[in-house]
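Overview (structure and organization)
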Amino acid sequence: MGKTEGPGQSYWLGGRDDVIEGMWTWAQSDQPFNFTDWYPNVPDNKARNENCLHMYAAYNLKWNDATCTGLYRFICEQEYSGDGSEIIG
Ligand SMILES: [Ca+2]
Ligand SMILES: [Ca+2]
């Protein structure tokens, strides 16, 4: 959807490593990632100040760590009201 709905846009994904540097978790659940799609040589924690996860347009929407104050679109996850196991958006 990022590639088709917003060409050239980057997206926040809701991951963070500000609690323990290098330990990436989802902000909502505090659970560690069980999937990653990092761009090569990232996360790099540039200037020791990159603690939020985004899909970066300049990296073909691969994952990058970025400063948390950037203004980007965002992608949310919501439980499906059926059996609760599907991601709908
Ligand atoms: Ca970091
Ligand atoms: Ca980075």
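All residue numbers here refer to positions counted from 1 along the written sequence of the relevant chain. Here chains are named by letter from A upward and ligands by number from 1 upward, in the order in which they appear as written. The model is predicted, so local features are restricted to residues of pLDDT at least 70 and side-chain atom pairs to those at 80 or more, both for listing and for counting; the totals for chains, interfaces and linings are taken over all residues. Each side-chain value is derived from all of the structure's non-hydrogen atoms; neither hydrogens nor water enter the calculation.

Considerations on the packing of aromatic side chains
What counts is decided by this rule: Aromatic rings from Phe, Tyr and Trp, taking only the six-membered ring of Trp, are treated as a pair when their centres fall within 6.5 Å; an angle between ring planes under 30 degrees marks them as stacked, one over 60 as edge-to-face, and anything in between as tilted. Runs of E in the DSSP output that reach at least two residues are strands. Runs of H or I that reach at least four are helices, and both are numbered from the N terminus. Accessibility here uses a 1.4 Å probe with only protein chains present; expressed as a share of the type maximum, an area under 20% marks a residue as buried, one over 50% as exposed, and anything in between as partly exposed.
Counted according to the given criterion, the structure contains 10 aromatic pairs. Summarising the aromatic geometry, the rings of Trp 12 and Tyr 72 are spaced 5.0 Å apart at their centres and angled 75° between planes, so their arrangement reads as edge-to-face. Of this pair, Trp 12 sits in strand 1 (residues 11-16) while Tyr 72 sits in the loop between strand 4 (62-66) and strand 5 (73-74), and the two are 60 residues apart along the sequence. With a centroid separation of 3.9 Å and 10° between ring planes, the pair formed by Tyr 39 and Tyr 59 is classed as stacked. A residue pair is termed long-range when its members are at least 10 positions apart, and Tyr 39 in the loop between strand 2 (25-26) and strand 3 (52-56) and Tyr 59 in the loop between strand 3 and strand 4 qualify at 20 residues. Overall, the relative accessible area of 19% leaves Tyr 59 in the buried class.

Observations concerning the coordination of the calcium ion (ligand 2)
Heads up, the rule is: A donor here means any N, O or S atom no more than 2.8 Å from the metal (3.2 Å for Na, K and Ca); water is not included, so a site may seem to lack partners.
The protein atoms donating to the calcium ion (ligand 2) are Asp 44 (OD), Glu 50 (OE), Asn 64 (OD1), Asp 65 (O) and Asp 65 (OD), with metal-donor distances spanning 2.3 to 2.5 Å. With relative accessibility at 1%, the residue Asp 65 sits in the buried group.

Some words on unusual backbone geometry
A cis amide bond links Val 42 with the next residue in sequence, Pro 43, at an omega value of 10°. Tracing the chain through its elements places Pro 43 in the loop between strand 2 and strand 3. The backbone phi angle of Asp 30 is positive, close to 65°, even though this residue is not glycine. Residue position: Asp 30 is located in the loop between strand 2 and strand 3. Of note in the backbone geometry, Arg 48 takes a positive phi value of approximately 55° without being a glycine. As for its placement among the helices and strands, Arg 48 is situated in the loop between strand 2 and strand 3.

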